[in-house]
Amino acid sequence: MTLDTTRRSFLKGAAAAGAVLFIGARPDGALAAAGESTAFNPFVKIASDGTVTAIVKHVEFGQGPATGLSTLIAEEIGLRMDQITYDFAPSNAEVYNNFAFGPFQGTGGSTAMANSFQQYRTAGAAAREMLIAAAAQSWGVDASELSIEEGVVTGAGQSAPIGEFVAVAATLDAPETPALKDPATFKLIGNPDIRRLDSAIKGDGSAMFAMDLHLPNQMVAMIKRPEQRGGLATGFDDSAAQEVKGYIMSAVLPNSAGVAVYAESTWAAMQARDAVEVEWDLSAAETRSSDEIEAEIRAALDAEPTYNVNKSDQAATQALLNGADQVLEQSFYFPLLAHAPMEPLNCTIEATEDGGIRLHDGCQLPTGPHMALSQIFELPMEKIEIKTMLAGGSFGRRATPDADYQVEAALAFVVTDRSRPVKLVWSREDDLRSGYYRPAFGHKVKVGLDADGRIVGWDHRIAGQSIMKGTAFEPMLVHDGVDHSSVEGASDTPYQIPGAFFGLTDTEKATSTLWWRSVGHTHTAYVMEVMMDMAAKAAGQDPVAYRLSYLTGGADQDRLAGVLKLATEKAGWGSAPAGHAQGVAVHKSFGSYVAEVVEVSGSAEDGVRIEKITCAVDCGLPVNPDVIKAQMEGGIGYGIGHVMRDRITLTGGAVDQYNFPDYEPLRIGDIAAIDVHIVPSAEAPTGVGEPGTPPAAPALANAIAAASDDLRVSSLPMDENGVAFA
Amino acid sequence: MAFSLKLNGTSHEVDVEPGTPLLWVIRDELKMTGTKFGCGVASCGACTVHLDGQPVRSCQTYVEDVEGAEITTIEAMSETEIGAAVQQAWVELDVVQCGYCQSGQIMSAVGLLSENPKPTAEDIDAYMYGNACRCATYQRIRAGIQRAAEILEA
């Protein structure tokens with residue numbers, strides 16, 4: 001590490017008290033450091049007053065990256081958690097891209113920690129080495145004698161806070177390959193006592209979500225959309241809206257997808273929108289009902305599948321089933337589901353002084369809206385700025401391949417004179433009725449067993465609406481016609497199943513389909529785990545022992561077996577109190593391994609009550625154990641709440657549900673305490689936001705079967721298919 | 001039309017139409033954004049505020065009906081003994097995830113503890129039923145309320 005004289009001369013004019021050290025990466029990936037951040041985008045910023053800021057490239061909607069990425073930097077520099085704060089990164093796909101997505105910035109697929117772990121540790125380690133080098137220079141001692149603990153450089157008989165060395169450190173070159181700390185010395189990573197950095201602001205009302213932004217002179221816009229997807233606005237009558245105090249104007253969106261209604265306040269916009277009459281051209285609109293969608297899916301399951309997913313020998317599977325001692329056959333149907341994040345969708349667009357556009361948004365996939373806005377406004381990418389704010393949940397909804405609501409806001413802005421910022425606000429009704437949905441899917445499975453109850457063949461047909469086809473993600477995630485998100489968790493099951501065949505048929509999209517917390521695993525885990533339970537029952541074997549007998553021969557299998565053993569041990573598997581029944585499920589998703597045991601009382605007929613849930617997770621090295629536990633708790637609640645009673649249905653193409661009373665969220669009394677156990681691991685960290693969800697519903701279904709004369713709930717939601725909840 | 005409201009101990013004059021929900025007076029007119037919009041139909045509880053100490057859904061409470069009442073929002077909770085205890089418990093247990101519903105959760109939790117200083121899990125489930133959390137932080141909400149009760153008892 002040497003003094004960089006050009007940077008040093010730049011810093012000469014700067015008062016040391018105002019100096020800042022930025023450490024980040026250049027577009028080629030090389031580490032960079034400087035006293036100003038114009039040359040690159042930083043991951044960490046250290047001010048001479050000792051304030052350390054992690055620049056977080058992922059959106060925070062509860063899953064914990066603000067705390068997690070700050071933890072990595074604090075650990076490597078040598079800070080306490082109360083010595084670091086965070087800010088959200090601007091949109092820049094070259095520097096802040098998600099390594100799992102390629103040259104694309106975004107949060108999804110439970111990758112925030114997995115793809116940031118080395119990157120943010122490295123940035124923190126670079127900061128540590130530079131601060132120590134600066135201190136060594138200042139004190140005239142060898143850097144090897146110095147270390148940083150709790151924000152203080154100590155060694156060679158001296159000690160001083162890191163802020164004192166920022167000005168000198170900012171003149172040094174970043175080390176090319178800083179040495180990361182030995183995991184054995186970690187104080188923060190893996191520490192279960194580390195608290196979230198965003199708890200206090202979310203408990204006192206000061207946290208700023210995008211919905212809380214109020215720019216001077218802003219207009220609130222709400223969109224009147226067609227009842228049926230694909231309807232086009234051809235005109236409107238706003239004479240009644242003129243009576244609403246605060247109403248400004250209405251305009252047909254340039255793509256005719258709706259009419260934007262503008263007002264001085266949210267309440268005025270809501271009232272005015274109700275008062276605007278729109279003429280619709282519904283000639284190309286969706287008119288099907290959910291019953292027709294279901295019929296199409298069920299018919300597809302009875303026909304030959306379009307795709308042989310694993311290119312396996314279908315005839316051989318059939319022959320094995322023909323020769324089986326018994327064949328279990330079960331069909332499943334999964335309805336459309338809405339994401340319904342607590343904060344309704346919204347974002348604000350304004351013109352900047354330099355002729356650009358600024359988007360304020362709880363932005364999950366910044367590169368998507370960044371490119372879309374660049375096209376709509378015909379501006380170069382660098383003229384579009386995205387300010388990422390806190391988001392009130394997403395579960396996939398804020399990450400649409402077509403940047404749906406940001407485009408809507410841009411179109412609502414582009415038709416104005418652009419002198420006033422436009423805040424687009426969705427209502428809960430908009431969210432449930434005009435949304436993007438977890439696609440409807442059906443499965444039909446035949447499992448052949450021999451006389452000993454061992455699986456000899458497995459014929460598994462899947463039919464449903466592709467999420468990825470027709471989107472920018474198709475080239476990455478659709479191969480030989482197979483949308484991986486339609487079959488993940490089934491066709492790639494770690495169970496060592498002999499004679500398996502997986503077929504897939506795409507059905508027509510009746511709505512906009514979208515990933516929903518855990519994507520394909522939302523339905524595949526349910527089917528795999530209910531079928532394994534049925535097979536164990538038919539074999540007369542314990543469901544845990546039966547599963548374990550198919551989890552051998554590799555690391556995936558060992559880790560699944562590990563969580564299965566841990567969860568069942570902690571749950572007291574097989575020793576539930578009288579009147580209680582247990583169900584288990586185990587599943588790998590997003591690189592993580594999760595087993596869950598649900599214990600219920602009652603029965604499907606008399607009313608099921610969830611009494612206890614036990615979870616074991618192996619997500620590699622646990623960075624923030626308490627955040628991991630919280631994500632398991634939340635993921636389980638999300639999975640269970642929806643299978644209990646939620647579905648989106650269509651009548652004549654229009655969504656039947658309006659608001660939470662028709663799409664009842666999981667409530668506090670619905671769910672028992674969840675006991676989460678984390679498997680210690682030195683493997684690279686993997687996902688936690690989604691993997692808790694997939695096993696929850698099948699574990700509940702298996703518990704209900706155990707409590708209810710083997711009733712297998714094969715169509716969802718449960719409360720419409722024979723299960724009462726107490 | 002002018003209305004006079006007493007919010008967090010301060011009087012405010014607002015010029016809004018009769019029938020305007022208190023939620024939008026607080027958020028859009030007074031620019032206090034801790035009180036959240038979640039559903040607009042009193043089904044999620046994100047908009048919960050206190051009216052003379054009682055939790056109400058501000059999205060279904062109208063401006064003309066609250067003149068003369070003491071309105072309290074999340075922004076003033078730290079100034080009350082119970083509110084401060086709940087907020088402390090929330091931070092100790094990291095109850096929040098996305099956090100969007102938590103102002104409403106805390107306002108309801110304070111309402112519960114004001115009536116019932118030592119609520120059982122069943123009491124909590126019954127009282128908090130109307131406050132939805134899509135992140136499903138429910139077991140921590142339950143634990144947070146019981147922890148706040150401990151803090152208050154100490």
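Computed from a prediction, not measured in an experiment: that's the story for all the values here.

1. Description of the overall build of chain B
- In terms of helices and strands, chain B carries five helices and five strands.
- Taken from N to C terminus, the helices and strands of chain B fall in the order β-β-α-β-β-β-α-α-α-α.
- What you see for chain B is a C-alpha radius of gyration of 15 Å, in line with the 15 Å of a compact globule of 154 residues.
- Along the first, second and third principal axes, the C-alpha atoms of chain B reach 45 × 30 × 20 Å.
- For chain B, buried positions account for 58% of its 154 residues.
- Nonlocal contacts in chain B, meaning residues at least 24 apart in sequence, comprise 62% of its contacts between residues at least 6 apart.

2. Brief notes about the nonpolar core
Residue and element names in this part refer to chain A.
- Among the nonpolar cores identified, the biggest contains 231 residues, and Ala221, Val261, Ala269, Val563, Val617 and Ile704 are the most heavily contacted of them.
- A per-element tally of this core places helix α14 (residues 521-539) first, with eleven residues.
- Those residues in contact with Val563 that sit more than four places away from it in its chain are Val586, Tyr593, Val594, Ala595, Ala616, Val617, Asp618 and Val679.
- Membership of the second largest hydrophobic core comes to 63 residues, among which are Ala19, Ala54, Phe117 and Ala134.

3. Re the sheet that holds strand β27 (residues 580-589) of chain A
All names here are of chain A.
- The sheet built from four strands is open, its strands ordered β27-β28-β29-β32 with mixed pairing. Where the open sheet ends on each side, the last strands, each with one partner, are β27 and β32 (674-678). Across the sheet, the mean angle separating the axes of adjacent strands is 15 degrees when strand polarity is ignored.
- As paired strands, β27 and strand β28 (residues 592-603) are joined by ten bridges and run antiparallel to one another.

4. Some words on the pairing of β32 of chain A
Residue and element names in this part refer to chain A.
- Residue alternation in β32 divides its side chains into a buried set, Ile674, Val676 and Ile678, and an unburied set, Asp675 and His677.
- Relative to β32, strand β29 (residues 607-618) is paired through five bridges, and the arrangement is parallel. Counted as the bridge partner of Thr614 is Asp675 from β32.

5. Quick notes on the domain arrangement of chain B
All names here are of chain B.
- Under the domain assignment used here, chain B contains domain 1 (2-75) and domain 2 (77-153).
- The gap between the C-alpha centroids of domain 1 and domain 2 is 21 Å.
- Taken together, the 15 residues of domain 1 in the interface contact 13 residues of domain 2.
- Counting residues per element, the ones that place at least two in the side of domain 1 that touches domain 2 are β3 (48-51) and β4 (54-57).

6. Some words on the environment of Arg142 of chain B
- Within the secondary structure, Arg142 of chain B is located in helix α5 (residues 138-153).
- Separated by 47 residues in sequence, Arg142 of chain B and Val95 of chain B place their C-alpha atoms 9.3 Å apart.
- Sequence-distant contacts of Arg142 of chain B, defined by excluding residues within four places in its chain, comprise Ile668 of chain A together with Ala121 and Ile124 of chain B.

7. Brief notes about the interface of chain B and chain A
- Each partner contributes residues to the interface: chain B has 46 residues there, and chain A has 49 residues.
- The set of elements that each furnish at least two residues to the side of chain B that touches chain A consists of α1 (22-29), α2 (81-92), α3 (102-115) and α5 of chain B.
- If one sorts the elements of the side of chain B that touches chain A by residue count, α5 of chain B sits on top with four residues.

8. Describing α14 of chain A
- With 19 residues, α14 of chain A extends 26 Å between its outermost C-alpha atoms, agreeing within 8% with the 27 Å of an ideal straight helix rising 1.5 Å per residue.
- Looking at the residues trailing α14 of chain A, positive phi occurs at Gly540 of chain A, about 70 degrees.

9. What to know about the packing of α14 of chain A against helix α18 (residues 696-707) of chain A
All names here are of chain A.
- Across the interface, α14 lies against α18 with an axial gap of 8 Å and an inter-helix angle of 30 degrees. Comparing their axes, α18 and α14 come out roughly parallel. Relative to α18, the crossing made by α14 is right-handed. Contact residues: α14 offers Ala525, Tyr526, Glu529, Val530 and Asp533, while α18 offers Ala697, Pro698, Ala701, Asn702 and Ala705.
- Residue classes in the contact of α14 with α18 are distributed as seven nonpolar, one polar and two charged.

10. Digging into the domain arrangement of chain A
Residue and element names in this part refer to chain A.
- Split by domain assignment, chain A resolves into domain 1 (5-203), domain 2 (211-283 + 345-425) and domain 3 (304-337 + 437-720).
- Contact with domain 1, which involves 17 residues of that partner, is made by 19 residues of domain 3.
- The set of elements that each furnish at least two residues to the side of domain 1 that touches domain 3 consists of α2 (65-77) and α3 (112-139).
- Tallied by class, the residues present in the side of domain 1 that touches domain 3 amount to seven nonpolar, nine polar and one charged.

11. What to know about the pairing of strand β9 (residues 219-224) of chain A
All names here are of chain A.
- Most of β9 is tucked away: six of the six residues are buried.
- Burial along β9 is two-sided: the residues Met219, Ala221 and Ile223 and Val220, Met222 and Lys224 are all buried.
- When β9 meets strand β19 (residues 422-425), the two strands line up parallel, connected through three bridges. Residue Ala221 lies in a different strand from β19, and its bridge partner there is Leu424.
- In this structure, β9 lies alongside strand β12 (residues 259-263), joined through five bridges in antiparallel fashion. Opposite Ala221, over in β12, you have Tyr262 as the bridge partner.

12. Observations concerning unusual backbone geometry
- At the junction of Leu716 of chain A and Pro717 of chain A, the peptide bond is cis and its omega measures out at 5 degrees in the coordinates.
- The residue Pro717 of chain A is located in the segment after α18 in this model.
- Even without being glycine, Val519 of chain A reaches a positive phi, approximately 55 degrees.
- Mapped onto the fold, Val519 of chain A is located in the loop between β26 (512-513) and α14.
- You can call Val519 of chain A buried: it has 29 C-beta atoms within 10 Å.
- Residues other than glycine seldom take positive phi values, yet Asp94 of chain B does so here, at roughly 45 degrees.

Rules behind the numbers
- Residues numbered from 1 in each chain as written.
- Chains lettered and ligands numbered in written order.
- Predicted model: local features only at pLDDT ≥ 70, side-chain atom pairs only at ≥ 80, totals over all residues.
- Helix = DSSP H or I, 4+ residues; strand = E, 2+ residues; numbered from the N terminus.
- Rg over C-alpha atoms; globule rule 2.2 N^0.38 Å.
- Buried ≥ 20, exposed ≤ 12 C-beta atoms within 10 Å, placed from the backbone.
- Contact = placed C-beta atoms within 7 Å.
- Core = buried A, V, L, I, M, F, W, Y, C linked by C-beta atoms within 7 Å.
- Pairing = 2+ DSSP bridges.
- Axes fitted to C-alpha atoms, helices over the stretch in contact; angles between N-to-C directions.
- Domains from an automatic or database assignment.
- Expected span 1.5 Å × (residues − 1).
- Parallel < 35°, antiparallel > 145°, perpendicular 65-115°, else oblique.
- Left-handed = near helix turned anticlockwise from the far one by under 90°.
- Nonpolar A, V, L, I, M, F, W, Y, C, P; charged D, E, K, R; others polar.

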